[in-house]
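The residues making up each chain are set out below.
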Amino acid sequence: MDFQHGEWYRARMPHAPSRPGIHKFGGASLADADAIRGAVAIIRSRPSPRVVVVSALAGITDLLVDLVTRAVAGDADGALQAVSAYRRVHHAAVDALLGGSTDELRAAIDSASSELEALARSLAVLREASPRVRDHIGARGERLSARLLAAALSESGDKVMLVEPAEIIITDGPYGGASPDLAATRTAARRVLLPLLRKHITVVVPGFLGRAPDGGTATLGRGGSDLTATLLGRALDATSVTLWKDVPGLLTADPRVVPDARLLPHVHVREAAELAYYGAKVLHPRALLPLADRKIPLFLRPFATPDAPGTEISTRRDVGRSPVRSLSAVRDQALVTVSGSGILGVPGMAARTFGALQAEGISVSLIAQASSEYTIDFTVPADTAKHAVAVLRHAFRTEIAQGELDGVEVRGRIAVIAIVGLGMAGHPGIAARVFDALADGGVNVVAIAQGSGEQNISVAVDAAQVSEGLRRIHSAFQLGKLGGGQSHRRTGCDVILLGAGTVGRAVLRLIPRRPERFTAVRMVAVVDRSGAMIDGAGMTTRTLKAIAAAKEAGEAIATLSGATPGTPADILAQLSQRALVRPIVIDCTADDTAGLLTMVADAGWDVVLANKKPLAGPWPRTARLREALTRGGGRLRHEATVGAGTPIILAVEQLIATGDRIRSLEGSLSGTLGVVLSGLDAGEPFSEVVYRALREGYTEPDPRDDLGGIDVARKAIILARMLGQTLEVGDITIDSLVRRGARATREAWLADLPRDDGWWRARADAARAKNHSLRYVARVTPRSVSVQLREMPRSHPLSQLHGSANQLVISSDRYHESPLVITGHGAGPEGTATGVLADLLTLASA
């Protein structure tokens, strides 16, 4: 096969639309034979017509630069070794990719290598290489990689044409970094390429190259292959331009520095240019120029996962986008300062400063001048700083000699951080948040620059602090989360309600009753097993009532209009990626949610529990949850796990926190069992009391969870762990009030319950005969836990309890002779919801 211009491969095919898609593959996506096969698969999966722009194989451009460097230094042997490596890499790629029938391609490799050998020997003698010669050598990488990819495409069944870039990319020069002539390129590209594209020919073009005014081959400089792709996209009015990269797209920051950097699905072309200029190596700003005034989207996509969305760069504006979009940094900079009273009010001083630098080809990245006009500060690449100072001292030698200028000084080891966002204009407070974030991290700002367009705030900092500065700003604006980048700090807390059963519904009903008490909280999500209702702005009281009513009627949240379906794990993972404000999750489920809560605790969420299982389940899970809360800086409140709305946990915590030593905790901790046993004490049939407790919402969905003593045992374990124990529920003996049917269905057990009425009547009568009452008592000490049905004297405080009231007797070093007794409502959805909301308000107001 010969891949010279003008020869077609494969049979003619029907005409196709003339607007192509442009696909550019860089060296990383052409690293070896497998990568090239991947590129072929991507190309063939994309609709025709298509133009493919190709960079040199991975490492070849650096190899050719090294060849010239060695040759002009007189190291002919080193230069020839580079040529040998060049030949070896391309032959290996042909062998692995195409195997036999590649004589013409092998001959082309040998011919190019022989030419490079001759040039290397000549340069080693001359010790000099003109920009034209350097470009001629640099072009050897793209030319061969394009031939190789074209051959692979043809082998796979595509009709392919290799087009010489000099025929379609026209430049104004100079060599080494030629500037494209847009009008001439459009004319040439359309004349040559459109007839081919109409016939479904896949066009392959070596990138990085163009025709110089004298007819030679000039390189387009850094980002040249990307520029080739966007030039052709503009010239051909392409449907899109896709740059296939070894990164997922443009991110909110460099992930090597900021671990939670997030992919940006869409970036405006002006934002992309700012990011590219300030160090985002994935894209060069020159590549964006051809598309700046065109409605042609540019996509950055990862070649390793070609179906990933990547980043779209275009001129469209997103509705409701966040003002701050991304951060970038330019390292290895130096700050140069021209200072002195001679600058004050003297026209042309800035022009002379930057004119002198321009004449020497020195690039400036940041400029700052105070309104006092006493200094002009700017940053330059560190390796040009010494030269820049010398140039300016010479330019202002008269003013310095006469004392009008103090001089020209340089400060090394500087980096510039750029905060970029097209929407920053008109949003007050962004700069304040930037400087607060830097101050919190102890990062000193050396210089500041912000244009009137307000799409970039640049700050110069010490190079050693740039990573910390990037992380601090990224965190302050929550750029790693969906919805991050806002210009102002929202106050209050975002609340996620997990579980909308009896307690969850009570929470949803109580908030609307007194909305003025809950102005500091926003209910942003209500989650059940089927999905969630999510509103980042906070749900209205009307919405909360509607969700409670729907759940009361037995509906799953996923069936509601606007709901997001998914498991609780899916929903919480999704919410943890959003820019929430001091998020608090309220767990009102009866599930083992320790794993879910650990996940969000690691994300820095606070946790409020009505659910006992995360704290009373297996100790290793509880320990991991507590460790995650400490690690993420989250707080835990769980009053409702033991005393519902009665402040039992608060009292125990305060005694421990103030240094008191708890000797024992003894009490009736189940409102359900209190209702059942006090009703039995009053002569009611056992079954009727249980049915009533179930109807009124005192019991768990299955009353056996209460009557079996497990609920009290969990409360006792929670208290025991507060005292330093690591016992499991299985480590303690539990008296069960379920006499039979423990393994029957709930309905069968309830139907059979009256059979126990006689036994319980006899048990209550026997206690009454001794002037005692039946009470279910938990006792916790620093070393033991017991959960028992006990006969208590009528004179004992626990015998005085009626209905769902709970009571805890606390004996401690301070409260020994006169124990501390806490009594209060201990069951029912609203009582538990009251405890939940008290914990919520405590966290929200802290």
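Residues numbered from 1 in each chain as written. Predicted model: local features only at pLDDT ≥ 70, side-chain atom pairs only at ≥ 80, totals over all residues. Heavy atoms only, no water.

Enquirer: What should I look at first to understand the packing of aromatic side chains in this one?
Expert: The geometry of an aromatic ring pair is captured by two quantities: the separation of the ring centres and the angle between the planes. What the rule picks out here adds up to 4 aromatic pairs. Centroid distance phenylalanine 25 to tryptophan 244: 6.1 Å. Interplanar angle 10°. Geometry classified as stacked. Residue phenylalanine 25 is found in strand E1 (residues 21–25), and its partner tryptophan 244 is found in strand E7 (residues 240–245); the two are separated by 219 residues along the sequence. The class of tryptophan 244 is buried, set by a relative accessible area of 1%. These aromatic residues form a ring-pair network of at least three members: Phe686, Trp759 and Trp760. Over the aromatic face of phenylalanine 299 sits the side chain of arginine 301, whose NZ or CZ is 4.4 Å from the ring centroid. The positively charged end of arginine 433 is found above the aromatic ring belonging to phenylalanine 477, 4.6 Å away from the centroid. (Phe/Tyr/Trp six-rings, centres within 6.5 Å; stacked < 30°, edge-to-face > 60°. Helix = DSSP H or I, 4+ residues; strand = E, 2+ residues; numbered from the N terminus. Buried < 20%, exposed > 50% of the residue type's maximum accessible area, 1.4 Å probe, protein only. Lys NZ or Arg CZ within 6 Å of the ring centre and 35° of its normal.)

Enquirer: Please explain helix H12 (residues 430–440) as it appears in this structure.
Expert: An α-helix turns once every 3.6 residues. As a result, residues three or four positions apart point the same way. Among the residues making up H12, those that are buried are Ile430, Arg433, Val434, Ala437 and Leu438. One side of H12 carries all its buried residues, which in axial view fall inside an arc of 130°. Opposite the buried face of H12, by more than 90 degrees, sit the exposed residues Ala439 and Asp440. Each element contacted by the buried residues of H12 is listed here: strand E14 (407–420), strand E15 (445–450), strand E16 (456–462) and helix H13 (466–476). Note on H12: the residue one or two positions beyond its end, glycine 442, has a positive phi of about 70°. (Arc of directions from axis to C-beta. Contact = heavy atoms within 4.5 Å.)

Enquirer: Please clarify how the sheet that holds strand E26 (residues 785–793) should be interpreted in this entry.
Expert: Think of a sheet as strands paired side by side through backbone hydrogen bonds, with each pair either parallel or antiparallel. Strand order in this open sheet of 5 strands is E26-E25-E24-E27-E28, and the pairing throughout is antiparallel. Since the sheet does not close on itself, it has two edges, and those belong to E26 and strand E28 (820–825), each with one partner. Within the sheet, the average angular offset between the axes of one strand and its neighbour, ignoring direction, is 25°. Looking at chain direction, strand E25 (residues 772–780) and E26 are connected through 9 bridges and run antiparallel. Across the sheet, residue arginine 779 finds its bridge partner in E26, namely serine 786. Packed onto the sheet, helix H24 (residues 710–722) meets strand E24 (662–668), E25, E26 and strand E27 (805–812) and runs at close to 40° relative to E25. (Pairing = 2+ DSSP bridges. Axes fitted to C-alpha atoms, helices over the stretch in contact; angles between N-to-C directions.)

Enquirer: It is not clear to me how the environment of leucine 327 should be interpreted in this structure. Could you clarify?
Expert: Looking at where leucine 327 falls in the secondary structure, it is placed in strand E11 (residues 326–339). Remark: the alpha-carbon pair of leucine 327 and leucine 275, spanning 52 residues in sequence, is separated by 7.3 Å. Those residues in contact with leucine 327 that lie beyond four places of it in its chain are Thr252, Ala253, Leu275, Ala418, Ile419, Leu470, Ile473, His474 and Leu479.

Enquirer: Help me understand helix H17 (residues 594–602) in this model?
Expert: All buried positions along H17 are accounted for by Ala594, Leu596, Leu597, Thr598, Val600 and Ala601. Against the buried residues of H17 lie helix H16 (568–575), strand E21 (584–587), strand E22 (606–609), helix H18 (613–616) and helix H19 (619–632). Downstream of H17 by a residue or two, glycine 604 has a phi angle that is positive, lying close to 95°.

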